Amino acid sequence: QVQLVESGGGLVQPGGSLRLSCTASGRIFSINGMGWYRQAPGKQRELVAVITRGGTTNYADSVKGRFTISRDNVKNTVALQMNSLKPEDTAVYYCNARIRSPGSSTYTTYWGQGTQVTVST
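Only a predicted model underlies this, so the values are computations on that prediction, with no experimental measurement involved.

Chemist: Hey, could you go over the sheet that holds strand β3 (residues 18–26) for me, with residue numbers and the actual values?
Modeler: Whenever strands of a sheet pair, they do so through backbone hydrogen bonds, lying parallel or antiparallel. Ordered in space as β1-β3-β8-β7, the four strands form an open sheet in which the pairing is antiparallel. The open sheet has two edge strands with one neighbour each: β1 (2–7) and β7 (67–72). Neighbour-to-neighbour, the strand axes of this sheet turn through a mean angle of 15°, independent of strand direction. Examined bridge by bridge, β7 and strand β8 (residues 77–82) share six bridges and lie antiparallel to one another. Bridge assignment links I69 to a residue of β8, and that residue is L80.

Here it is in structure tokens:
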């Protein structure tokens, strides 16, 4: 099957930086869009940033200018560089990818297991 594995979360002080990474592995023929979502306690999961295979990006207004999403189409990875972190960025961050497996004609959405990001003094 397909797996998405995230890494890079942790505890950071306000104003600090973290870099999240996500690697897709398994039965992969092609990956379309990839992205990052987050869910804070008591809130719904929300989009943080997405990137197309061609490199077009889209960001939530709350992270524009602070976060940068990038991907490596050869290594099947997507990363999120987070700078100037704020306490309100505290959440579980999930990697997301639309993946087509060999022999399939459709793309399926897969999610990682999530990685905790805590911004606090």
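Chemist: Can you tell me about the state of the cysteines, naming the residues and giving the values?
Modeler: Evaluated as defined, the whole model comprises one disulfide. Disulfide partner of C22: C95, at an S-S distance of 2.1 Å. Looking down the S-S bond of the C22 and C95 bridge, the torsion is -80°, so its handedness is left-handed. Of the two residues, C22 is situated in strand β3 and C95 in strand β9 (residues 91–100); the sequence distance between them amounts to 73 residues. By relative accessible area, C22 is classed as buried at 0%.

About the thresholds
Residues numbered from 1 in each chain as written. Predicted model: local features only at pLDDT ≥ 70, side-chain atom pairs only at ≥ 80, totals over all residues. Heavy atoms only, no water. Pairing = 2+ DSSP bridges. Helix = DSSP H or I, 4+ residues; strand = E, 2+ residues; numbered from the N terminus. Axes fitted to C-alpha atoms, helices over the stretch in contact; angles between N-to-C directions. Disulfide = S-S within 2.5 Å. Buried < 20%, exposed > 50% of the residue type's maximum accessible area, 1.4 Å probe, protein only.

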